[in-house]
Amino acid sequence: MALEAIRHREGQLSILDQLLLPSQTIYIPILNTQHGYEVIKSMQVRGAPAIAIVGCLSLAVELKSLTFPSIDALVDFCRTKLEYLVSSRPTAVNIRKAADHLLAFLQSFQLGQPEGTAQAVESVKLKLIEEIEKMLENDVADNVAIGDHGAADILARTGKTRITVLTHCNTGSLATAGYGTALGVVRSLQKQNQLEHVYFNETRPYCQGSRLTAYEIVTDKLPGTLICDSASGWLMQSGKVDCVITGADRVVANGDTANKIGTYMLAVLAYHHNIPFYIAAPVTTCDLTISSGRDIVIEERDPREVTNLQGQELSPKGTVCWNPAFDITPAHLITGGIITERGVFKPSQLKAKLTA
């Protein structure tokens, strides 16, 4: 991959500090779950898949040097650490699902031998670390499948051989283990020589588009243009957009989707202009335990993220600010479909397709 947001080599983990991009390219070592929590909470690493991977790998790194008197003790330690990591960003579901999977994996050994010899406990610990390390490779494979499914559906739906895409936030290699979700669809169109252009929003207040997506577009030499968030409607009215594709932090049973603030606005505009609107996300982002978007917890972040930019005040002191990190796009506005590694589904079909 051209860009590597997560480096994991021989049990050592580091992450690319995305708050410093594009001016500085600095990797931060992650030595334990405390470090993992901090870089997720601060958004030095972000993107629902990457949050889950970094959180779980921070546990694997911490486990390497530890010993436990029993499997029960190992399970209790991991449960506490995983719950702590999950609390770092409440809206994205991937880390919760990863935590649940790892605990179930551990408990399958616990049922057979809750005490165990020292050798047996160490063996279980190493199997858990191996299970965590698989997440990197699996995520890249899932993203390539998402990209290819999405490209095929868009080409078939539009009947065009060259596609112009509008996207939001950052959904590429910097938000995942590699390739990306919505930006993965863009990459798949490009590798088929069927990408005409990609427009990408700056994505205030953290500017994931103007800092991070721009970094990927320039690095990979994709034909792309940065626009202000507020230019999206005019761009669509001008007839320059064939489809809109965004990522997701949580997709619930009825197809409602939580994603970076501004996604709902794009979906409404796309609906008005009769432009297909797609969500691209792995199955791990789909939370079928929640019936509708009304029940998704929306993270609200520090107002200073809006009133300040890289240490410079943009607004007068005393300015009141509301800073939700995400919004909810209702299923009926997702007119293109939800692109997963298993295929592209209408929101109304999602639950049935994923549980078949």
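The preceding data block contains the structure.
Keep in mind it's a predicted model, so treat the numbers as computed, not measured.

Calculation rules
- Residues numbered from 1 in each chain as written.
- Predicted model: local features only at pLDDT ≥ 70, side-chain atom pairs only at ≥ 80, totals over all residues.
- Heavy atoms only, no water.
- Salt bridge = Lys/Arg side-chain N within 4 Å of Asp/Glu carboxyl O.
- Buried < 20%, exposed > 50% of the residue type's maximum accessible area, 1.4 Å probe, protein only.
- Helix = DSSP H or I, 4+ residues; strand = E, 2+ residues; numbered from the N terminus.
- Polar contact = N/O pair within 3.5 Å; in protein donor to acceptor, adjacent residues only side chain to side chain.
- Contact = heavy atoms within 4.5 Å.
- Phe/Tyr/Trp six-rings, centres within 6.5 Å; stacked < 30°, edge-to-face > 60°.
- Lys NZ or Arg CZ within 6 Å of the ring centre and 35° of its normal.
- Axes fitted to C-alpha atoms, helices over the stretch in contact; angles between N-to-C directions.
- Left-handed = near helix turned anticlockwise from the far one by under 90°.
- Nonpolar A, V, L, I, M, F, W, Y, C, P; charged D, E, K, R; others polar.

1. Section: the pattern of salt bridges
Within the structure shown, the criterion is met by 19 salt bridges. The salt bridge partner of Glu4 is Arg7, with a shortest N-O separation of 3.4 Å. By relative accessible area, which is 27% here, Glu4 ends up partly exposed. Linked through salt bridges whose partners overlap, the residues forming this network are Arg89, Glu299, Arg301 and Glu305.

2. Structural notes on the side chain of His168
Looking at where His168 falls in the secondary structure, it is placed in the loop between β4 (163-167) and α6 (182-191). The exposure class of His168 is buried, given its relative accessible area of 0%. A distance of 3.2 Å separates the side chain of His168 from the side chain of Asn201, its partner in a polar contact. Side-chain polar atoms of His168 contact the backbone oxygen of Ile261, separated by 2.9 Å.

3. Structural notes on the environment of Gln18
On the secondary structure map, Gln18 appears in the loop between β2 (12-16) and β3 (27-30). Residue Gln18 is classed as buried on the basis of its relative accessible area, which comes to 0%. The spacing of Gln18 and Arg211 is 193 residues in sequence and 8.6 Å in space, taken between C-alpha atoms. In this structure Gln18 touches Ala5, Met43, Gln44, Val45, Arg46, Leu174, Arg211 and Leu212, once residues within four positions along its chain are discounted.

4. Notes on the packing of aromatic side chains
Under the defined criterion, the tally for this structure stands at 3 aromatic pairs. Ring centres of Phe105 and Phe109 lie 5.4 Å apart, and the angle between their planes is 70 degrees; on these two criteria the pair is classed as edge-to-face. Pair noted here: Phe105 and Phe109 are both in helix α4 (residues 94-112), with a separation of 4 residues, about one helical turn. When sorted by exposure, Phe105 lands in the same class as Phe109, which is buried. Between Arg7 and the ring centre of Tyr27, over which it is positioned, the NZ or CZ distance is 3.6 Å.

5. Thoughts on the packing of helix α2 (residues 48-64) against helix α3 (residues 71-86)
Orientation of α2 relative to α3, taken along the N-to-C sense of each, is 145 degrees, at an axis distance of 10 Å. In the crossing of α2 with α3, the sense of the turn from one axis to the other is right-handed. On α3, the residues that touch Gly55, Ser58, Leu59, Glu62 and Leu63 of α2 are Leu74, Phe77, Cys78, Lys81, Leu82 and Leu85. Tallied by class, residues from the contact of α2 with α3 come to 7 nonpolar, 2 polar and 2 charged.

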